[in-house]
Amino acid sequence: EAKAMPGSGFRFFDAALAADVQARSAIENDLARAIRAEEFFLEYQPIVGVESRTVRAFEALLRWRHPEKGRIMPDVFIPAAEKTGLILPLGNWVVREACREAAAWPAPAGVAINVVGDQFKDRAFVGYVKQCLMETGLAPGRLTIEVTESVFSVDETVIRESLSELRSHGVRVALDDFGIGFSSINNLRAFPIDQLKIDRSFAQAMMESKRDADLVDIILKLGRTFQVTTTVEGIESEGQLDFIRQRGASEAQGYLISGPVAASDVMRFLSQSDDRLSA
Ligand code: C2E
Ligand code: MG
Ligand code: MG
Ligand code: MG
């Protein structure tokens, strides 16, 4: 801690900052190479019906298998990809790969993809999604595009038109990490969506305080009012699952059900959950 060293505090801070800046630009330089070298892959996390506990969809989560540093998580490299513009080729790769893999799963299991605002600024993006659906044969209704509320900081018209075009093609749109962004309710009024994913911080907080429990209740009611699917993220205990079942949530996602699994394990997961259903 810099403050504990009188006199040297500022210099210590500068050195730490410089190291941080260097680490970040190293990642940025490395990203372009990694895309060419195909070092990325997807894992899939199941989203289940709260009542049935059967899988409705898998969320595609991006990972980077770095030759020296090992596995790097998206919270580390997505910001760098956004900053460098490399989110466009990387995001396109995610769309194609997720559609390609999901097309091999038995219907109606769907796939959800995370998309950021910059991807919509590229006006070719929606066309690219449609093209991937057509080429892989994945039915549009089996694809969900997840956006966080930060997407609304991009030109509203662009976002509105892009989301509308996707929805009229049959693709579903989900509002991700709901409840922690700005003007949540206004976004619900202004943008047509199909699904609300309640941020995982609520799953924890609702068990600890009445205030947060009430808030989750209200968000679930909001979801019903707008006739959207409500999904609670970060469900880690039976207690949390019971809680959201009692309050009428439609879907759950979290470590209690399963963490993200390798693409090669998705089929096994689906057949196991069939067994559970028929048992
Ligand atoms: P997200 O879209 O909200 O994804 C859910 C994150 O929560 C994932 O982290 C998942 O592994 C984690 N998670 C799931 N269940 C639980 C749980 O029960 N407890 C806890 N503590 N965590 C849980 P991950 O894979 O590290 O992804 C982090 C974020 O990176 C994602 O948040 C998403 O915003 C972003 N991301 C991932 N893949 C992509 C991508 O292909 N494109 C873009 N633009 N962003 C991506
Ligand atoms: Mg997501
Ligand atoms: Mg989320
Ligand atoms: Mg998130």
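Residues numbered from 1 in each chain as written. Chains lettered and ligands numbered in written order. Predicted model: local features only at pLDDT ≥ 70, side-chain atom pairs only at ≥ 80, totals over all residues. Heavy atoms only, no water.

Quick look at helix α10 (residues 238–246) now. Within α10, burial applies to Q240, L241, F243 and I244. What you see down the axis of α10 is that its buried residues fit within an arc of 160°, all on one side. Phi turns positive, to about 80°, at G248, one or two residues after α10. (Buried < 20%, exposed > 50% of the residue type's maximum accessible area, 1.4 Å probe, protein only. Helix = DSSP H or I, 4+ residues; strand = E, 2+ residues; numbered from the N terminus. Arc of directions from axis to C-beta.)

Quick look at the packing of aromatic side chains now. Two aromatic rings are characterised by how far apart their centres lie and by the angle between their planes. The full count for this structure, using the stated rule, is 8 aromatic pairs. With 6.1 Å between their ring centres and 80° between their planes, F58 and F269 make a pair best called edge-to-face. Here F58 is found in strand β2 (residues 55–66), whereas its partner F269 is found in helix α11 (residues 263–278), with 211 residues between them in sequence. F269 matches F58 in its accessibility class, with the two residues each being buried. Aromatic side chains F152 and F191 sit 4.1 Å apart centroid to centroid with 25° between the ring planes, which places their arrangement in the stacked category. In this pair, F152 is assigned in the loop between β5 (143–148) and α6 (156–168) and F191 in the loop between α7 (184–190) and β7 (195–198), connecting sequence segments 39 residues apart. On the basis of relative accessible area, F152 is assigned to the buried category, the value being 13%. Taking relative accessible area as the criterion, F191 reaches 4% and is therefore assigned buried. (Phe/Tyr/Trp six-rings, centres within 6.5 Å; stacked < 30°, edge-to-face > 60°.)

Now for the coordination of the magnesium ion (ligand 2). Of the protein atoms, only E59 (OE), N114 (OD1), E146 (OE) and D176 (OD) coordinate the magnesium ion (ligand 2), at distances of 2.0 to 2.2 Å. For the magnesium ion (ligand 2), all donor residues lie on one chain, and their spacing in sequence is E-x54-N-x31-E-x29-D. If you look at the magnesium ion (ligand 2) and the magnesium ion (ligand 3), they sit 3.8 Å from each other and are both ligated by D176. A residue pair is termed long-range when its members are at least 10 positions apart, and N114 in strand β4 (residues 110–114) and E146 in strand β5 qualify at 32 residues. (Donors = N, O, S within 2.8 Å, 3.2 Å for Na, K, Ca; no water.)

Note on soluble globular proteins: their nonpolar side chains tend to be buried together. L31, Y44, F77, V111, F120, L143 and I244 are the most contacted members of the largest nonpolar core, which totals 79 residues. Per-element tally for this core: the top contributor is helix α3 (residues 87–102), with 7 residues. With residues up to four places along the chain from it excluded, the contact list for V111 reads Y44, A57, F58, A60, A98, A102, W105, L138, R142, L143 and T144. (Core = buried A, V, L, I, M, F, W, Y, C linked by side-chain atoms within 4.5 Å. Contact = heavy atoms within 4.5 Å.)

Here the focus is the pairing of strand β1 (residues 40–49). Within β1, 10 of the 10 residues are buried, leaving the element largely enclosed by the surrounding structure. In the sheet, β1 pairs with β2 via 9 bridges, with the strands oriented antiparallel. In the strand pairing of β2, F40 is matched with W64. A loop of 5 residues connects β1 with β2, the two strands running antiparallel in sequence, and R53 in this loop sits at a positive phi of about 60°. Bridge count between β1 and strand β10 (residues 261–262): 2 bridges; the pairing is antiparallel. Bridge assignment links Y44 to a residue of β10, and that residue is V261. Two strands pair when backbone bridges link them, and β1 and strand β9 (residues 251–252) are joined in this way by 2 bridges, in the antiparallel orientation. Bridge pairing in β9 places G49 opposite E251. (Pairing = 2+ DSSP bridges.)

Let us now look at the site of ligand 1. The full set close to ligand 1 counts 23 residues, and R63, D176, R200, E236 and Y255 are the nearest of them. Here a nitrogen atom of ligand 1 sits 2.9 Å away from a polar atom, N or O, in the side chain of Q45. L62 places a main-chain nitrogen or oxygen 3.1 Å from a nitrogen atom of ligand 1. Compared with its free state, where it exposes 800 Å², ligand 1 has 86% of that area covered by protein. Broken down by secondary-structure element, the contributors of at least two residues to the shell around ligand 1 are β2, α2 (74–84) and β6 (172–178). In terms of residues, the shell around ligand 1 owes the most to one element, β2, which gives 4 residues. (Near = heavy atom within 4 Å. Polar contact = N/O pair within 3.5 Å; in protein donor to acceptor, adjacent residues only side chain to side chain. Areas by Shrake-Rupley, 256 points an atom, 1.4 Å probe, with all protein chains shown as cover.)

Around the magnesium ion (ligand 3), the protein contributes the donor atoms D176 (OD), D177 (OD) and E233 (OE), at 2.0 to 2.2 Å from the metal centre. Sequence spacing among the residues donating to the magnesium ion (ligand 3) works out to D-D-x55-E. For D177, a relative accessible area of 26% gives the class partly exposed. Among the residues examined, E233 registers a relative accessible area of 9% and is labelled buried.

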